[in-house]
Amino acid sequence: MNRVFIKTYGCQMNERDSEAVAAMLRARGYRIVNDENTCDVMLLNTCSVRDMAEQKAIGKAGHVAQKKKRNPRFILGILGCMAQNRGAQLLDALPDVDLIVGTQKFHQVPDYLDNLRAAQEAGTVLPTRIVDIAEEAGSQNTIREHVLEERQVTAFVSIQQGCNMDCAFCIVPKTRGDERSRPMDQIVRECEELADRGVREITLLGQIVTSYGRRDYTHTGGVTPFVQLLERVNAIPGIKRIRFTSPHPRGFKDDLIAAYGRLEKLCEYVHLPLQSGSDRILRAMNRPYTRERYRQIVDDLRRVRPDMYFSTDIIVGFPGETTEDFEQTRELFDACNYDMAYVFKYSIRTGTPAAELADQVPDDLKEERNQVLLRLLEQNSDRRNATLVGTTQEVLVEGPDKKGVGYMGRTRGNRIVHFAANERLIGELVPVTIKRVSTAVLYGELELAGVER
Ligand code: SAH
Ligand code: F3S
């Protein structure tokens, strides 16, 4: 009766929120299952960043609602960004949905499921629905419980919710609300507990992590609260690696650049959203930096860490983007030599300033620009991988690879490596010499000196 399947759309924050919901439900006696065909409750944790993500979830919900015909006690819930964005209005298109829970109310899901079950037990004839998309002070502190797989080596930790920037294309400030940070002590304690449970790599999560704690903590000696947090996580003995996502170029100041030179656990991999390489479009997007400033951050970081890896987010086809604007993006994209990138075709989001702009770019042109950048990315990535052949990389062993033939782990630069290893090495940092590469994966061999295979 209480087998719950959670399907997650969208970003890593959504993954993390789903995991926290799963942990809370488990504590309440629900079973979390991985097979959607054997569940009694299905929760869709949704994304609103692009129209396609919303359409996917709506399609899925419509399809799943059929299950109610066979099993009237089946419960279908929609959580997260689309729930927040569309609220009770979703019920017009999806009348069979039982539960709609916004981004500040994830922690209420166990109560709401209990209530829905109780109403069913009591034999309520009419369908009972629950819709809660209210704001809640302190809700950022409720995303803290973890469900860890056996021997799980990496974990996400939410440090902040919401965003106060007003990028003209972006729905996130509406779906996630105002920027709110969690207390530093609480985050550090969570990381320590994860380390005690075997986690070795932490990824700190937020919409704009470089602003972390700016209203709650003071700078000490020119060091921002975000870098203070990095220092404290760096000092936890069990934690071996730190990553974070996403920073904003505006917040990438000297103290953070210098941190790459002195915090040994901070991995030399930076996800730095560019969005556009044209100053004119950046201004129209309300992104407060220039291409020159962005390039300077990349160069400064490469000065501190010559082996720095970069990834980025780009939007092609923002309203008014001309061939010349795109050329500027292409040129900067190439110059930055990204190892990884997420290229998005601009998607109109009702309620954002850019949705009102004339000069929308036709779809086929967006697709063409998208392909240009993806080809460049593949070339850059292949070039990087080719330079890794013959080198020895520090790899954190995560577990068996998907095919079950060997083991997999990641380099500090976030490259996936497959190699032969031993179960005992899960959670260890080991030296692996790279023998051959594909676009997505490196294949290597463990260096034997001092390590028992
Ligand atoms: N601050 C968050 C941004 C969340 S949205 C972060 O960096 O993680 C993630 C990415 O989606 C953005 O960086 C942007 O590149 C893309 N995006 C946001 N709104 C979009 C839209 N309307 N159309 C296409 N892509 C969009
Ligand atoms: Fe969106 Fe810009 Fe914030 S991309 S999440 S409004 S920094």
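Residues numbered from 1 in each chain as written. Chains lettered and ligands numbered in written order. Predicted model: local features only at pLDDT ≥ 70, side-chain atom pairs only at ≥ 80, totals over all residues. Heavy atoms only, no water.

**A look at the overall build of the protein chain**
From N to C terminus, the protein chain includes 14 helices and 19 strands. Computed over its C-alpha atoms, the radius of gyration of the protein chain comes to 23 Å, within 12% of the 22 Å expected for a compact globule of 453 residues. Considered along the principal axes of its C-alpha atoms, the protein chain spans approximately 65 × 60 × 45 Å. Counting the 453 residues in the protein chain, one finds 56% classified as buried. Considering only contacts within the protein chain whose residues lie at least 6 apart along the sequence, 73% involve residues at least 24 apart. Computed over 63 positive and 64 negative side-chain charges, the inter-centroid distance for the protein chain is 2 Å. (Helix = DSSP H or I, 4+ residues; strand = E, 2+ residues; numbered from the N terminus. Rg over C-alpha atoms; globule rule 2.2 N^0.38 Å. Buried < 20%, exposed > 50% of the residue type's maximum accessible area, 1.4 Å probe, protein only. Contact = heavy atoms within 4.5 Å. Lys, Arg positive; Asp, Glu negative; His and termini not counted. Charge placed at Lys NZ, Arg CZ, Asp CG, Glu CD.)

**Side note on the pattern of salt bridges**
Using the criterion set out here, one finds 36 salt bridges in the structure. The closest approach of N and O atoms between Glu 268 and Arg 305, which form a salt bridge, is 3.3 Å. Pair noted here: Glu 268 is in the loop between α10 (254-262) and β12 (269-271) and Arg 305 is in the loop between α12 (291-304) and β13 (309-316), with a separation of 37 residues, a long-range link. Note on accessibility: Glu 268 and Arg 305 belong to one class, buried. A salt bridge links Arg 410 to Glu 398, with the shortest nitrogen-to-oxygen separation between them at 3.1 Å. In this pair, Arg 410 is assigned in strand β16 (residues 407-411) and Glu 398 in strand β15 (residues 392-400), connecting sequence segments 12 residues apart. Overall, Arg 410 belongs to the partly exposed group, its relative accessible area being 24%. One salt-bridge network, held together by shared partners, links Arg 16, Glu 19, Arg 182 and Glu 190. (Salt bridge = Lys/Arg side-chain N within 4 Å of Asp/Glu carboxyl O.)

**So, the nonpolar core**
Formed by 55 residues in total, the largest nonpolar core has its most connected members in Leu 204, Phe 244 and Phe 252. The element contributing the most residues to this core is helix α8 (residues 184-196), with six residues. If sequence neighbours within four positions are ignored, Phe 252 has contacts with Thr 210, Phe 244, Pro 247, Ile 257, Tyr 260, Val 270, Leu 272, Arg 293, Ile 297 and Leu 301. (Core = buried A, V, L, I, M, F, W, Y, C linked by side-chain atoms within 4.5 Å.)

**Looking at the site of ligand 1**
Looking at ligand 1, there are 15 residues lining it, with Gln 207, Ser 246, Gln 275, Asp 313 and Ser 347 nearest. Within the side chain of Gln 275, one N or O atom sits 2.7 Å away from an oxygen atom of ligand 1. Surface burial for ligand 1 is 88%, taken as the share of its 550 Å² of free accessible area covered by protein chains. For the shell around ligand 1, the secondary structure elements donating two or more residues are β13 and β14 (340-345). Class assignment of the residues belonging to the shell around ligand 1 gives a composition of seven nonpolar, four polar and four charged. Of the domains in this structure, domain 1 (3-132) and domain 2 (139-387) are the two that each give at least three residues to the shell around ligand 1. (Near = heavy atom within 4 Å. Polar contact = N/O pair within 3.5 Å; in protein donor to acceptor, adjacent residues only side chain to side chain. Areas by Shrake-Rupley, 256 points an atom, 1.4 Å probe, with all protein chains shown as cover. Nonpolar A, V, L, I, M, F, W, Y, C, P; charged D, E, K, R; others polar. Domains from an automatic or database assignment.)

These figures come from the coordinates and say nothing about function on their own.
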